[in-house]
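Letter by letter, the chains look like this.
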Amino acid sequence: EPEVTQTPSHQVTQMGQEVILRCVPISNHLYFYWYRQILGQKVEFLVSFYNNEISEKSEIFDDQFSVERPDGSNFTLKIRSTKLEDSAMYFCASSAVQSSGNTIYFGEGSWLTVV
Amino acid sequence: SQQGEEDPQALSIQEGENATMNCSYKTSINNLQWYRQNSGRGLVHLILIRSNEREKHSGRLRVTLDTSKKSSSLLITASRAADTASYFCATQQTGGGNKLTFGTGTQLKVEL
């Protein structure tokens, strides 16, 4: 079964450093997303991406965050200058179409620990 | 207002019993999706129910949706120890694009 893959599975970084989290969405999907889950809390939407541009973003997705689809398969989330509160599990997700029956598939996540 | 509140927050049952989890939401939705998350792992999609559907089945899973009460339930029948996980409902709101709004989750523990 096709799946969303994410790398790295776990990354420890120093505060103020830049981090890039990588994702390979399901191959025929057109909509891509990043979510995050701080330990013990809800899964929160960060950003959605379609047709090479951001279609929606949350208040969490401030100027420190950016997304890119550098080629036909990868989708990345960059955090420019990490803060302690950025420590979380980051999930990439993808979906095929925009409709009422739109299943969104998630990857295994990337644990980010900022020290 | 918070979209997506599950209850109970935690549920402990014996293997073979049925587990029922409930989800309430506040806005108009296009669909509601249930996900499972094993500790520290990714979100596994279980089932999607559209706003014009009332009930769906998938294997041992049964999901109901009552849009008049803005609530959904997930029933797992004949539970197994491997069903131990957190279960989340997530809604796609009408006019809210494709994004999902997640609930707080129910931690299910199935004991042998």
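Below is a summary of the structure that appears in this document. (Residues numbered from 1 in each chain as written. Chains lettered and ligands numbered in written order. Predicted model: local features only at pLDDT ≥ 70, side-chain atom pairs only at ≥ 80, totals over all residues. Heavy atoms only, no water.)

**A few points about the packing of aromatic side chains**
What counts here: Aromatic rings from Phe, Tyr and Trp, taking only the six-membered ring of Trp, are treated as a pair when their centres fall within 6.5 Å; an angle between ring planes under 30 degrees marks them as stacked, one over 60 as edge-to-face, and anything in between as tilted. Note on conventions: DSSP H or I runs of at least 4 residues are helices, E runs of at least 2 residues are strands, and numbering of each starts at the N terminus. Three labels apply to residues, based on accessible area from a 1.4 Å probe with only protein chains included: buried if under 20% of the type maximum, exposed if over 50%, partly exposed otherwise in between. Each ring is checked for a lysine NZ or an arginine CZ that lies within 6 Å of its centre and within 35 degrees of its normal; such an atom marks a charge sitting over the ring.
Per the counting criterion, the structure on display carries 14 aromatic pairs over all chains. Measuring from ring centre to ring centre gives 5.6 Å for Tyr35 of chain B and Phe102 of chain B, while their planes differ by 45°; the resulting arrangement is tilted. Note that Tyr35 of chain B is positioned in strand E4 (residues 29-37) and Phe102 of chain B in strand E10 (residues 101-102), a separation of 67 residues in sequence. By relative accessible area, which is 0% here, Tyr35 of chain B ends up buried. Pairwise contacts between aromatic rings join Tyr33, Tyr35, Phe45, Phe91 and Phe106 of chain A together with Tyr35, Phe88 and Phe102 of chain B into one cluster. Positioned above the aromatic ring of Phe45 of chain A is the side chain of Lys99 of chain B, whose terminal nitrogen or guanidinium carbon lies 5.9 Å from the ring centre.

**Overview of the interface of chain A and chain B**
We count it as follows: Should any heavy atoms of two residues lie within 4.5 Å, those residues are counted as being in contact. Accessible surface is computed with a 1.4 Å probe, and the buried area is the amount of it that two parts give up when combined, taken over both parts together. Salt bridge, as applied in this entry: a Lys or Arg side-chain nitrogen positioned within 4 Å of an Asp or Glu carboxyl oxygen. In protein, a polar contact requires one atom able to donate a hydrogen and another able to accept it; more generally it is a pair of N or O atoms within 3.5 Å, and residues adjacent in sequence count only if both atoms are side-chain atoms. For this classification, Asp, Glu, Lys and Arg are treated as charged, while Ala, Val, Leu, Ile, Met, Phe, Trp, Tyr, Cys and Pro are nonpolar and the rest, including Gly, are polar.
The interface is formed by 23 residues belonging to chain A together with 26 residues belonging to chain B. Carbon and sulfur atoms supply 50% of the area buried between chain A and chain B, which totals about 1,900 Å² over both sides. We note a salt bridge from Lys99 of chain B to Glu56 of chain A, for which the minimum N-O separation is 2.6 Å. At the junction of chain A and chain B, the tally comes to 6 residue pairs in polar contact (both at pLDDT 80 or more). For the side of chain A that touches chain B, the secondary-structure elements that each account for two or more residues are strand E4 (31-37), strand E5 (43-50) and strand E9 (88-95) of chain A. Considering each element in turn, the side of chain A that touches chain B owes the most residues, 4 residues, to E4 of chain A. Looking at the side of chain A that touches chain B, its residues break down into 11 nonpolar, 9 polar and 3 charged.

**What to know about the pattern of salt bridges**
Residue and element names in this part refer to chain B. Taken as a whole and assessed by the stated rule, the structure comprises 6 salt bridges over all chains. Measuring nitrogen to oxygen at the nearest pair gives 3.1 Å for the salt bridge that ties Arg62 to Glu55. By relative accessible area, which is 39% here, Glu55 ends up partly exposed. Asp83 is paired through a salt bridge with Arg60; the nearest N and O atoms lie 2.9 Å apart.

**Digging into the nonpolar core**
Residues and elements named next belong to chain A. Spelled out, the test is: Nonpolar core, defined: a set of buried Ala, Val, Leu, Ile, Met, Phe, Trp, Tyr and Cys residues in which side-chain atoms within 4.5 Å join the residues together.
If you look at the biggest cluster of nonpolar residues, it comprises 22 residues, and the most contacted ones within it are Trp34, Leu46, Phe61, Val67, Phe75, Leu77 and Tyr90. Among the secondary structure elements, those contributing two or more residues to this core are strand E3 (19-24), E4, E5, strand E7 (65-68), strand E8 (75-79), E9 and strand E11 (110-114). Residues contacting Phe75, with those up to four places away along its chain left out, are Leu21, Arg22, Cys23, Pro25, Phe32, Tyr33, Trp34, Phe49, Val67, Glu68 and Cys92.

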